[in-house]
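Architecture and fold: a report
Letter by letter, the chains look like this.
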Amino acid sequence: MKIDGKPYRSIWREPSGEVRIIDQRWLPHELRIVPLATRQDFADAIRDMWVRGAPLIGATAAYGVAVQMAADPSDASLRETWEVLHETRPTAINLKWALDEMTRVLQPLPPEARAEAAYRRAAEICDEDVEINRQIGLHGLEIIREIAKKKGGGRVNVLTHCNAGWPATVDWGTATSPIYHAVEDGIDVHVFVDETRPRNQGAQLTSWELNSHGVSHDLIVDNAGGHMMQHGEVDLVIVGTDRTTARGDVCNKIGTYLKALAAKANGVPFYVALPSPTIDWTVSDGIREIPIEERGGEEVTHVQGRDAGGNIVSVQISPDGTPARNPAFDVTPAELVTGLITERGVCKADAAAMAAMFPDLAKG
Ligand SMILES: CSC[C@H]1O[C@H](OP(=O)(O)O)[C@H](O)[C@@H]1O
């Protein structure tokens, strides 16, 4: 997508061979582009959320494998790299998907052929993500178009949670892709952006990307969404996901479940933008089977922003030594999901519909 009119992806490889990312920790206040040159750089970037978002985590891990294969293409190095990168963050299934995919491609090859093959597959994974998200946008556009039609061409108000936008992917985003396609289609769309405590991906990233593309939006506190749904101000909720089970339970940023409950209670359609690499076909019961990342309490007791002098600072918002819990994700049961917007079309959040949509991927 564009930043000040210039096209960017969230991760890319320079002609020199260097892999670079946008270090999202400093957005929206500073655009910092940094190289990732060693396996440790990639592990740090994923663990410490220089990059984040399930599809982008997978793409970054794929390039992390490639960089390591250039350094040491041995079987031991390939196995160790899977372990080192897999342990960085536990919830987004795209990380394991990408590491498994790279291992599947590289294991059969002689060591001397692995680096080139790894860079090629990593680049393919990035391009595939972009096309998957573009397709999700086209299928999601139909949902928005239908709502606009019912409203006689009136404004369609969409609520989204966290950032499932282009910075969470290689490009387009998942939940935001239908929004971008609708705006390009001339539909009057307005987005309510959940700030999404504690890391504020909505306030810092979704607001930034929508603003960059001239998409009408309001930033709201996480706790306002239910009230706005009660007052008929929300026509549709679209969120992303970090792992969706074979029966359609959706794991996403903490707070998503509460939005789904409010949507159900107020008859608001609740859709999940779901790229197929984010489906974990090996699990069914999301609440019991998906590992939920617990991040440090300092993310709750402190908040980052820009001070009056233009410095990016972290300030403490609670008393010294306040203990805090910080579960980073929750699981929305399938029965609260109106539909899954995949690259192949929209399907019900249930095992049979998902298996029918992806017969080549579903595990019998
Ligand atoms: C398109 S996946 C985006 C997904 O990832 C975010 O989590 P995090 O920022 O911690 O990586 C959030 O759950 C988004 O919905």
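Cut-off values and rules
- The residue count restarts for each chain, going from 1 along the sequence in the order it is written.
- Where local features are concerned, this predicted model is filtered to residues with pLDDT of at least 70; where side-chain atom pairs are given and counted, the filter is 80 or more; whole-chain, interface and lining totals use all residues.
- Only heavy atoms go into the side-chain values, all of them from the structure, while hydrogens and water stay out.
- UniProt positions are given in the numbering used here, feature names are shortened, and annotations may be inferred rather than shown by experiment.
- Only strands joined by at least two bridges in the DSSP assignment are considered to pair.
- The way it works is that DSSP assigns letters per residue, a run of H or I at least four long becomes a helix, a run of E at least two long becomes a strand, and they are numbered from the N terminus.
- Residue contacts are defined here by distance: any two heavy atoms, one from each residue, within 4.5 Å place the two residues in contact.
- Note on definitions: angles span 0 to 180 degrees between N-to-C directions of axes, and those axes are lines fitted to C-alpha atoms, for helices only across the stretch in contact.
- By convention in these notes, a residue is near a molecule or strand provided one of its non-hydrogen atoms lies within 4 Å of it.
- Contacts described as polar in this section are N or O atom pairs within 3.5 Å, which, within protein, must combine one atom able to donate a hydrogen with one able to accept it, while residues neighboring in sequence count only if both atoms come from side chains.
- In these tables, accessible area is a Shrake-Rupley quantity obtained with a 1.4 Å probe, and a residue counts as shielded only by the protein chains included in the view.
- Throughout this entry, Asp, Glu, Lys and Arg are counted as charged residues, while Ala, Val, Leu, Ile, Met, Phe, Trp, Tyr, Cys and Pro are counted as nonpolar. The remaining residues, Gly among them, count as polar.
- Domain start and end points were adopted from an automatic or database domain assignment.
- Each salt bridge in this description consists of a side-chain nitrogen of Lys or Arg and a carboxyl oxygen of Asp or Glu lying within 4 Å of one another.
- Working definition: with a 1.4 Å probe on protein chains only, accessible area under 20% of the residue-type maximum means buried, over 50% means exposed, and in between means partly exposed.

Going by the annotation in an unreviewed UniProt entry, the name recorded for the protein chain is Methylthioribose-1-phosphate isomerase, with Albidovulum denitrificans given as the source organism. UniProt lists a comment for the protein chain under the heading Function (unreviewed entry), and it reads "Catalyzes the interconversion of methylthioribose-1-phosphate (MTR-1-P) into methylthioribulose-1-phosphate (MTRu-1-P). Also catalyzes the interconversion of 5-deoxyribose 1-phosphate and 5-deoxyribulose 1-phosphate. Part of a bifunctional DHAP-shunt salvage pathway for SAM by-products." As recorded by UniProt, the Pathway (unreviewed entry) comment attached to the protein chain reads in full: "Amino-acid biosynthesis; L-methionine biosynthesis via salvage pathway; L-methionine from S-methyl-5-thio-alpha-D-ribose 1-phosphate: step 1/6."

Next up on the list: the sheet that holds strand β11 (residues 250-253). Taken in spatial order, the 4 strands line up as β13-β10-β11-β16 in an open sheet, and their pairing is mixed. Since the sheet does not close on itself, it has two edges, and those belong to β13 (279-280) and β16 (329-332), each with one partner. Where strand β10 (residues 243-245) meets β11, 2 bridges bridge the pair, whose relative direction is antiparallel. Paired with T244 across the bridge in β11 is V250. Across the face of the sheet, helix α9 (residues 256-265) comes into contact with β11 and β16 while running at roughly 30° to β16.

This brings us to the site of the ligand. For the ligand, the set of nearby residues contains 17 residues, the closest of which are G53, R89, D242, N252 and K253. The side chain of Q201 places a nitrogen or oxygen atom 2.9 Å from an oxygen atom of the ligand. K253 places a polar side-chain atom, nitrogen or oxygen, 2.7 Å from an oxygen atom of the ligand. Here the ligand has 410 Å² of accessible area as a free molecule, and 100% of this is covered by the chains. Listing elements by their share of the shell around the ligand, those giving two or more residues are α2 (54-71) and β11. For the shell around the ligand, the class distribution of residues is 7 nonpolar, 6 polar and 4 charged. For the shell around the ligand, the domains that each give at least three residues are domain 1 (2-127) and domain 2 (131-362).

Counted under the stated rule, the structure contains 31 salt bridges. E80 is the salt-bridge partner of R39, the closest N and O atoms lying 2.5 Å from each other. Taken together, the residues R39 in helix α1 (residues 39-47) and E80 in helix α3 (residues 75-86) connect sequence positions 41 residues apart. Among the residues examined, R39 registers a relative accessible area of 16% and is labelled buried. As a salt-bridge pair, E142 and R145 come within 2.5 Å of each other at their nearest N and O atoms. You can see E142 and its partner R145 sitting in helix α5 (residues 111-150), 3 residues apart, about one turn around the helix. A relative accessible area of 42% places E142 in the partly exposed class. Judged by relative accessible area, which is 32%, R145 ranks as partly exposed. Each member of the salt-bridge network shares a partner with another, and the members are R89, R199, E293, R295 and E299.

Residue placement: P178 occurs in helix α6 (residues 177-184). For the pair P178 and I144, spaced 34 residues apart in sequence, the C-alpha separation works out to 7.6 Å. Residues contacting P178, with those up to four places away along its chain left out, are I136, G137, G140, L141, I144 and I238.

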